[in-house]
Amino acid sequence: MNRCAVIGVGQTRYTTRRRDVSLAGLVREAALRALEDAGLTWKDIDAVVIGKAPDLFEGVMMPEAYLADALGAAGKPMMRVHTAGSVGGSTALAGASLVQGGVHGRVLTVAFEKQSESNATWALSTHLPFSASLVVGAGGYFAPHIREYIRRSGAPDHVGTLVAVKDRRNALRNPYAHLRIPGIDRAMVEATPMLWEPIRYLETCPSSDGACAMVLAAEDRLTGSVPAWVLGAAMRSEPIFRAGRDTVNPRGGRDCAADVYRQAGITDPRREIDVAEVYVPFSWYEPMWLENLGFAPEGEGWKLTESGATALDGDIPWNASGGVLSSNPIGASGMIRFAEAALQVRGMAGEHQVDGARRALGHAYGGGAQFFAMWMVGSDRP
Amino acid sequence: MIPRTRHVLEFPGGYTRTTGPVIGRFLTELRDRRLVGVRTATGRTLVPPLEYDPDTGDAVTGEFVEVGPAGTVESWSWAGSPRAGHPLDRPFAWALIRLDGADTSLLHAVDAGDVRAMRPGLRVRPRWRAERTGRVTDIECFVPEVTAMTASVRVEYTVTPGLALAHFLSGIARGVFLGSRCGSCGKVYVPYRLSCPECGVAVTEEVELPGTGTVTTFAINNLPDPRAPEVPFVSAYVLLDGADIPMIVLIGEIPAHEVREGMRVRAVWAPESGRGPSMDSVRWFAPTGEPDEEV
Ligand SMILES: [Zn+2]
């Protein structure tokens, strides 16, 4: 397998409504910034891999066809990836695999969502005939699994609010972040209504417009920019309806992490990883994924959160960028995790840089917590 | 009583207003759907033009330059109840509009539809009258630039449940839950299905499950949705007795905050007359009153 590195990262500002740009303008903004970071132009790119959430979100059928020329893909291979909420991660991995497999030397990978053009809760709750309409949006789906985690682990109620506060405080250091709530504290989070009990309003992610892009390059096609080397990459999926499926600690996530750690030579993730950007759309998913990803033993993820270990000044900062809880252009949210991990090991994360970060985990999940995509990036060539 | 009567004072035929060369040029161009301003000696462009520079009192240069037609709203005031003499018969904004290329602003009406559409910085363009006579009202009003459009998307399907779901629903129609047992792993799936997602093998053994089970976990939904039950409603995972996979069902006949994990429940069916091959035939699951199960 050929070595692959991230040599350019581009993000748009994430916000409720980007009324000033079209879909094409939005993805171009991120792509051009990634190209600029890499010191490249459209003509230097061999192939484009694009990802987004379901077409029903914006009501544009096959946006990849419509966006091909906006992304300079005329005459080049272009493909679209779709794995629900994890799509931003799996899009990056599909792009990386084209480099690792020696198919292309430089791949542009882009993911986006323009939630303001429609309504994701509506699009996620299509309510087919014959069945009862009982799940409203992603929160309606995930709330029971969060309740089950709280029951199983015995975690105290405030752990969810701790994450909600921590990630929004981190967001204040990220110029691209959507939610900016100066002075946010536990009381403020706890005063917000329960949308899908046990999930409070401020324990959920916002609806954002935005795009993220990366330029991935083979070792012999690097430019002058600082590379983030891909040390391990994996995807896993599992059926949503399977008897005995653990929806709190899904096997797909555990297997995916184990695969990435094996490739990257990681045996103790908490000690050996410097920073993690993990898909946490509802605050309780931080302690849940701390366990799923092997940072804490089962039932003890919440203790890590409560101890402050995952804060920006903790020993294993999670979501230094503010995470999905602060910016959620759904299709792009996974790629932002991957890109932020790359920025950290490139030393380019600005005010939310974790000092001396050399190994970072990027993580995304989607569907009914059934699609997983992860990569480990590092500052040292593997 | 004080007498009261109507008195109209109107100069027959209207006053004559001689435009002079500068305003005359502006109105002449307006009649031809062009907007022009005049340059001052200091290089500013006045729109609408004047014969003199209002800052210095000097004559303007006589150089006319085309401006607009688009411009930017600098300030505005909403006319919520238009009067007879107003340019529009619906609520509109009076706005100071700086046309592109101008250094001063022009007062005109903006047909924005809604006060919430108005803001300083709003980009607007003139809506011209078809018949123009050389008056500032040759522009009926200004309208915001096009920044968004609505795309209607509608697809209509004929939905046929697959063989497995159709079979399950035939059970629902007669008030029973049909499941199936995998011959390889022994797991019982409900709703009835024809293959095992774990083993990947065809499943043939049908199992009839009772309408009783245990709540494994649940959510209290407070976010209203026109297609879902009235909030707050409890959506729960219920493991039917004898099944190995829970179903998502509505919980009823108990206040939301009294629902518990481990609570024993039974299906409450719609009256037989209203039952059919749809999950609407199950009204909800209600507590049985049995002691809670260990979960
Ligand atoms: Zn089986």
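Residues numbered from 1 in each chain as written. Chains lettered and ligands numbered in written order. Predicted model: local features only at pLDDT ≥ 70, side-chain atom pairs only at ≥ 80, totals over all residues.

Under an unreviewed UniProt entry, the name given to chain B is DNA-binding protein, and the organism recorded is Streptosporangium pseudovulgare.

By the naming in an unreviewed UniProt entry, chain A goes by Acetyl-CoA C-acetyltransferase and is assigned to Streptosporangium sandarakinum.

Caption draft 1: The arrangement of the overall build of chain A in detail. A tally of helices and strands in chain A yields 13 helices and 11 strands. On C-alpha atoms alone, chain A measures out to a radius of gyration of 19 Å, which is about the 21 Å that the 2.2 N^0.38 rule sets for 382 residues. The dimensions of chain A, computed from C-alpha atoms along their principal axes, are 55 × 50 × 45 Å. Expressed as a percentage of its 382 residues, the buried residues of chain A come to 61%. Pairs at least 24 apart in sequence give 79% of the contacts found in chain A among residues at least 6 apart. (Helix = DSSP H or I, 4+ residues; strand = E, 2+ residues; numbered from the N terminus. Rg over C-alpha atoms; globule rule 2.2 N^0.38 Å. Buried ≥ 20, exposed ≤ 12 C-beta atoms within 10 Å, placed from the backbone. Contact = placed C-beta atoms within 7 Å.)

Caption draft 2: Fine view of the overall build of chain B. Each helix and strand counted, chain B has 2 helices and 16 strands in total. Taken over the C-alpha trace, chain B has a radius of gyration of 37 Å; the compact-globule value for 295 residues is 19 Å, which it surpasses by more than 25%. With respect to the principal axes defined by its C-alpha atoms, chain B has extents near 100 × 65 × 35 Å. Residues counted as buried form 29% of the 295 residues belonging to chain B. Within chain B, contacts between residues separated by at least 24 positions form 50% of all contacts whose residues are at least 6 apart in sequence.

Caption draft 3: Fine view of the domain arrangement of chain B. Domains assigned within chain B are domain 1 (20-144) and domain 2 (163-287). Here the C-alpha centroids of domain 1 of chain B and domain 2 of chain B sit 67 Å apart. (Domains from an automatic or database assignment.)

Caption draft 4: Representation of the interface of chain A and chain B within the structure. Contacts between chain A and chain B engage 31 residues on the former and 31 residues on the latter. Looking at the side of chain A that touches chain B, the elements with two or more residues in it are α5 (137-153) and β5 (194-197) of chain A. With 8 residues, the single largest contributor to the side of chain A that touches chain B is α5 of chain A. Taken together, the residues that form the side of chain A that touches chain B break down as 16 nonpolar, 9 polar and 6 charged. Here β5 of chain A pairs with strand β12 (residues 212-221) of chain B via 2 bridges, running antiparallel. Opposite W196 of chain A, over in β12 of chain B, you have N221 of chain B as the bridge partner. (Nonpolar A, V, L, I, M, F, W, Y, C, P; charged D, E, K, R; others polar. Pairing = 2+ DSSP bridges.)

Caption draft 5: Highlighting helix α1 (residues 23-38) of chain A. Residues and elements named next belong to chain A. Spanning 16 residues, α1 covers 23 Å between terminal C-alpha atoms, matching the ideal 22 Å at 1.5 Å per step. Turning to α1, its buried residues are L23, L26, V27, R28, E29, A30, A31, A34, L35, D37 and A38. Those residues of α1 hidden inside the fold are in contact with β1 (4-11), α2 (63-67), β4 (106-114) and β7 (209-218). Positive backbone phi, approximately 70°, marks G39, located one or two places after α1. (Expected span 1.5 Å × (residues − 1).)

Caption draft 6: Fine view of the UniProt feature "domain: Thiolase C-terminal" (unreviewed entry) in chain A. The UniProt entry lists residues 246-369 of chain A under the feature "domain: Thiolase C-terminal" (unreviewed entry), expressed in the numbering used here. Secondary structure content for residues 246-369 of chain A is 43% helix and 9% strand, and the end C-alpha separation is 10 Å. (UniProt positions renumbered as here; feature names shortened; annotations may be inferred.)

Caption draft 7: Examining the sheet that holds strand β11 (residues 205-209) of chain B more closely. A sheet is described by the order of its strands in space; here 3 strands give the open sequence β10-β9-β11 (chain B), paired in antiparallel fashion. Single-partner strands in this sheet number two, and they are β10 (188-189) and β11 of chain B.

Caption draft 8: Focus on unusual backbone geometry. All names here are of chain A. Cis geometry is adopted by the peptide bond preceding P198, which originates at E197 and carries an omega value of 15°. With respect to the secondary-structure elements, P198 resides in the loop between β5 and β6 (199-200). At A84, a residue that is not glycine, the phi angle is positive and equals roughly 55°. Inspection of the secondary structure puts A84 in the loop between β3 (78-81) and α3 (87-100).

Caption draft 9: How the structure looks around the sheet that holds strand β1 (residues 35-39) of chain B. Residue and element names in this part refer to chain B. Read from one edge of the open sheet, 3 strands run β2-β1-β3, paired in antiparallel fashion. In the strand order of this sheet, the two ends are held by β2 (45-46) and β3 (64-67), each with one partner. Here 4 bridges tie β1 to β3, and the two strands are oriented antiparallel to one another. Residue pairing for β3: V38 is matched across the bridge by F64. In this fold helix α1 (residues 20-31) packs onto β1 and β3, with an angle of close to 155° to the strand it touches most, β1. (Axes fitted to C-alpha atoms, helices over the stretch in contact; angles between N-to-C directions.)

Caption draft 10: Highlighting the UniProt feature "domain: ChsH2 C-terminal OB-fold" (unreviewed entry) in chain B. The positions UniProt marks with the feature "domain: ChsH2 C-terminal OB-fold" (unreviewed entry) are residues 65-129 and 206-269 of chain B. The span residues 65-129 of chain B shows a helical share of 0% and a strand share of 48%, and its end C-alpha atoms are spaced 22 Å apart.

Caption draft 11: Just the nonpolar core, in detail. By size, the foremost hydrophobic cluster in this structure holds 162 residues, and its most contacted members are V110, A342 and V377 of chain A. Per element, the largest residue contribution to this core is 10 residues, and it comes from helix α13 (residues 330-345) of chain A. Beyond its immediate stretch of four places on either side in the chain, V377 of chain A contacts V6, A228, W229, V230, L231, A341, A342, V345, A360 and G362 of chain A. If you look at the next biggest cluster of nonpolar residues, it comprises 25 residues, including L30, I97, A102 and F142 of chain B. (Core = buried A, V, L, I, M, F, W, Y, C linked by C-beta atoms within 7 Å.)

Caption draft 12: Spatial organisation of the environment of V282 of chain B. All names here are of chain B. Looking at the secondary structure, you find V282 in strand β16 (residues 282-287). For V282, a count of 20 C-beta atoms within 10 Å puts it in the buried group. As for V282 and V268, which are separated by 14 residues in sequence, their C-alpha atoms are 6.0 Å apart. Setting aside chain neighbours within four positions, we find V282 in contact with I172, A267 and W269.

Caption draft 13: The arrangement of the packing of α3 of chain A against α13 of chain A in detail. Residues and elements named next belong to chain A. One can describe the packing of α3 onto α13 by two numbers: an axis separation of 5 Å at closest approach and a directional angle of 60°. Of the possible angle classes, the one that applies to α3 and α13 is oblique. Across the interface between the two elements, V87, G88, G89, T91 and A92 from α3 touch G331, A332, S333, G334, M335, I336, R337 and F338 from α13. (Parallel < 35°, antiparallel > 145°, perpendicular 65-115°, else oblique.)

Caption draft 14: Inspection of helix α10 (residues 285-292) of chain A at higher detail. Residues and elements named next belong to chain A. Taking burial as the measure, the 8 residues of α10 include 8 buried ones, the bulk of the element. Every buried residue of α10 is listed here: Y285, E286, P287, M288, W289, L290, E291 and N292. Lining the buried residues of α10 we find α5, α6 (159-171), α8 (251-264) and α11 (301-307).

Caption draft 15: Inspection of the environment of C185 of chain B at higher detail. All names here are of chain B. With respect to the helices, strands and loops of the structure, C185 is situated in the loop between β9 (177-181) and β10. Measuring from C-alpha to C-alpha, the distance between C185 and E294 comes to 25 Å, with 109 residues separating the pair along the chain. For C185, the residues in contact, after removing those within four places along its chain, are C196, E198 and C199.

Caption draft 16: A look at the environment of G160 of chain A. Residues and elements named next belong to chain A. Looking at the element boundaries, G160 is found in helix α6. A tally of 27 C-beta atoms within 10 Å means that G160 is categorised as buried. Taking C-alpha positions, G160 is 36 Å from L108, a pair spaced 52 residues apart along the chain. With near-sequence residues (within four places) excluded, G160 lies in contact with E203, S283 and W284.

Caption draft 17: Summary view of the confidence of the model for chain B. Averaged over all residues, the pLDDT of chain B is 93; the fraction at 70 or higher stands at 100%. Under the prediction, the complex receives an ipTM of 0.91, its pTM being 0.88. (pLDDT = per-residue confidence, 0-100.)

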